[in-house]
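Descriptive structure summary
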Amino acid sequence: MASLSLKHIYKIYPNGYEAVKDFNLEVEDKEFIIFVGPSGCGKSTTLRMIAGLEDISEGEFMIDGKIMNDVEPKDRDIAMVFQNYALYPHMSVKDNMAFGLKLRKTPKHEINKKVKDASMILDLAQLLDRKPAALSGGQRQRVAMGRAIVREPKVFLMDEPLSNLDAKLRVQMRSEISALHQRLGATIIYVTHDQTEAMTLGTRIVVMKDGVVQQIASPRELYNNPCNLFVAGFIGSPQMNFINAECTAVGNDVYLEFDFHKVKLDAEKAKVLKDKGYVGKKVIMGVRPEAIFESEHDLKNHPDTQFQVKINGYELLGSEVLLYFNLLNEKPAEVQRQFSDDAYENAKKVQWSAKVSAATNARYGSTITVALDAEKIHVFDKDTEEAIVN
Ligand code: ADP
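The structure presented is a predicted model; accordingly, all values stated were derived computationally and were not measured.

With that settled, consider empty space enclosed by the protein. Considering all chains together, one arrives at one cavity of 30 Å³ or more under this definition. Estimated volume of the largest cavity: approximately 30 Å³. Forming the walls of the largest cavity are Met145, Ala148, Ile149, Phe156, Met158, Leu180, Leu184 and Ile188. For the lining of the largest cavity, the element with the most residues is helix α4 (residues 137-149), which contributes three residues. Looking at the lining of the largest cavity residue by residue, the classes come out as eight nonpolar, no polar and no charged.

Turning our attention to the pattern of salt bridges. A side chain of one charge can pair with a side chain of the opposite charge when the charged atoms of the two come close. Evaluation of the coordinates by the stated rule reveals 14 salt bridges. Lys11 is paired through a salt bridge with Glu54; the nearest N and O atoms lie 3.6 Å apart. Of this pair, Lys11 sits in strand β1 (residues 4-12) while Glu54 sits in the loop between α1 (43-51) and β4 (58-63); the two residues are 43 residues apart in sequence, bridging distant segments of the chain. Neither Lys11 nor Glu54 differs from the other in exposure class; each is buried. A salt bridge links Lys102 to Asp95, with the nearest nitrogen and oxygen atoms 3.6 Å apart. You can call Asp95 partly exposed: its relative accessible area is 31%. Through salt bridges with shared partners, a single ionic network connects Lys11, Arg48 and Glu54.

Scanning all chains against the criterion turns up nine aromatic pairs. Summarising the aromatic geometry, the rings of Phe23 and Phe35 are spaced 5.4 Å apart at their centres and angled 65 degrees between planes, so their arrangement reads as edge-to-face. Here Phe35 lies in strand β3 (residues 32-36) and Phe23 lies in strand β2 (residues 18-27), a separation of twelve residues in the sequence. Residue Phe23 shares its accessibility class with Phe35, and that shared class is buried. With a centroid separation of 5.8 Å and 55 degrees between ring planes, the pair formed by Phe32 and Tyr190 is classed as tilted.

Moving on, we come to the sheet that holds strand β18 (residues 352-357). Whether parallel or antiparallel, the strands of a sheet pair through hydrogen bonds between backbone atoms. Read across the sheet, five strands follow the order β15-β19-β16-β17-β18 without closing on themselves; strand pairing throughout is antiparallel. The open sheet is flanked by β15 (292-293) and β18, the only strands paired with a single partner. Across six bridges, the pairing between strand β17 (residues 320-327) and β18 is antiparallel. Bridge pairing in β18 places Leu322 opposite Lys355.

Strand order across the open sheet formed by six strands is β13-β12-β11-β14-β20-β21, with antiparallel pairing between neighbours. The open sheet has two free edges, formed respectively by β13 (261-264) and β21 (387-389), since each of these has just one partner strand. Neighbour to neighbour, the strand axes of the sheet diverge by 40 degrees on average, direction disregarded. Across the face of the sheet, helix α9 (residues 267-275) comes into contact with β11 (241-250), β12 (253-258), β20 (377-381) and β21 while running at roughly 125 degrees to β21.

Our next topic: the site of the ligand. Taken together, Tyr13, Asn15, Tyr17, Ala19, Pro38, Ser39, Gly40, Cys41, Gly42, Lys43, Ser44 and Thr45 make up all the residues around the ligand. In this structure, Gly40 approaches the ligand through a main-chain N or O atom, which is 2.7 Å from an oxygen atom. Within the backbone of Gly42, one N or O atom sits 3.0 Å away from an oxygen atom of the ligand. Within the complex, 63% of the 570 Å² of free accessible area of the ligand lies under protein. Top element by residues in the shell around the ligand is α1. It accounts for three residues. Looking at the shell around the ligand, its residues break down into five nonpolar, six polar and one charged.

It is worth spelling out the layout of surface pockets at this point. The calculated volume of the largest pocket comes to roughly 560 Å³. If you go around the largest pocket, you meet 20 residues; those closest to its centre are Ile78, Ala79, Met80, Arg104 and Arg151. Counting residues per element, the ones that place at least two in the lining of the largest pocket are β6 (78-81), α2 (93-103) and α4. Tallying contributions element by element places β6 first for the lining of the largest pocket, with four residues. The residue inventory of the lining of the largest pocket, partitioned by class, reads 15 nonpolar, one polar and four charged.

Analysis parameters
- Residues numbered from 1 in each chain as written.
- Predicted model: local features only at pLDDT ≥ 70, side-chain atom pairs only at ≥ 80, totals over all residues.
- Heavy atoms only, no water.
- 1 Å grid on protein atoms, 1.4 Å probe; cavity = no way out; pocket = protein on both sides within 12 Å on 5 of 7 lines; lining within 4 Å.
- Points joined across faces, edges and corners; volume = space filled by probe spheres on them.
- Helix = DSSP H or I, 4+ residues; strand = E, 2+ residues; numbered from the N terminus.
- Nonpolar A, V, L, I, M, F, W, Y, C, P; charged D, E, K, R; others polar.
- Salt bridge = Lys/Arg side-chain N within 4 Å of Asp/Glu carboxyl O.
- Buried < 20%, exposed > 50% of the residue type's maximum accessible area, 1.4 Å probe, protein only.
- Phe/Tyr/Trp six-rings, centres within 6.5 Å; stacked < 30°, edge-to-face > 60°.
- Pairing = 2+ DSSP bridges.
- Axes fitted to C-alpha atoms, helices over the stretch in contact; angles between N-to-C directions.
- Contact = heavy atoms within 4.5 Å.
- Near = heavy atom within 4 Å.
- Polar contact = N/O pair within 3.5 Å; in protein donor to acceptor, adjacent residues only side chain to side chain.
- Areas by Shrake-Rupley, 256 points an atom, 1.4 Å probe, with all protein chains shown as cover.

By themselves, these figures tell us nothing about what the structure is for.
Quick look at the structure:
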């Protein structure tokens, strides 16, 4: 298998549009790399430059230490799986899988063996004589994978390979691709706009926005330590809550004040904010829905980050419930600071979401106390949108 190196890669389309800007990535052998980001951020363009289907405008692309910029796609030892499978309808599964090898004049016995091996790996052995029309979406997708596998390429490139499948099949194929990665020990680069797919499949994820890499990290690292507001909002479902807040301090204690409430930060985060000069400044507080508590037990353990809210949405997910809420309808009596009526009205409009156990007694219309998990409060700079502390 293979390692890849992309150094200062740019793509400027003939119309002058800069689709990819200064892309840098070192891919190690056997890594499962995901390119993720909203539609139009440059994921496919980057993948297509790796495949050789698109010229690299600037920068250097290497496979195993060899510069590939001007190497023909067919000589790059790369196999690509697209979202629309691109199977030949008049050919059997077997012939579809063998097609690329036949073109390469691979000896017949070798083709037979490779197709057989791949069909075992992909559970297609019983379907080798069928035509694509007689296959389910998932089976077709597996044939498309098979066609890539038989070539034993150094690198697999996959461009949204599951996006044409229904939700259930997508989940199934996701675990199949994951198992395939383990079995083949292959280097895979996989493009998706779906953060769940990215989080479940990737060993490392490249998050892109507007042609620019935002962060490259493991799924866990992205989730726990997003580098900026965009990554924090893009990774995780439901999305992280973002709240305008002001950083204040009394002695060594540092608080985030927002919409008639305040929470006390733990000593570690407090120190970072103080040292970086954020006391007295406006910041953005980020709280994941799963870092909001409401059970009696959790409330007891988090006395410094509590406030009252009014539930205006309740969605049962199964073992968990999504609660939606605004801050209280009435200005709490204990609030001393003066707020304009506008500020008060705006505060009521900020919609929060919390993911809690289905055992919750909270229902639509309830007023309840919630607490934030102080360790999991993220704080972002309001101007640069960079994370100050995670
Ligand atoms: P993604 O895969 O992230 O959805 P793409 O890589 O397909 O995004 O596209 C990135 C940007 O480049 C988009 O804004 C798209 O409109 C633009 N683009 C793609 N192909 C061309 C082209 N041939 N000429 C000009 N602009 C293009």
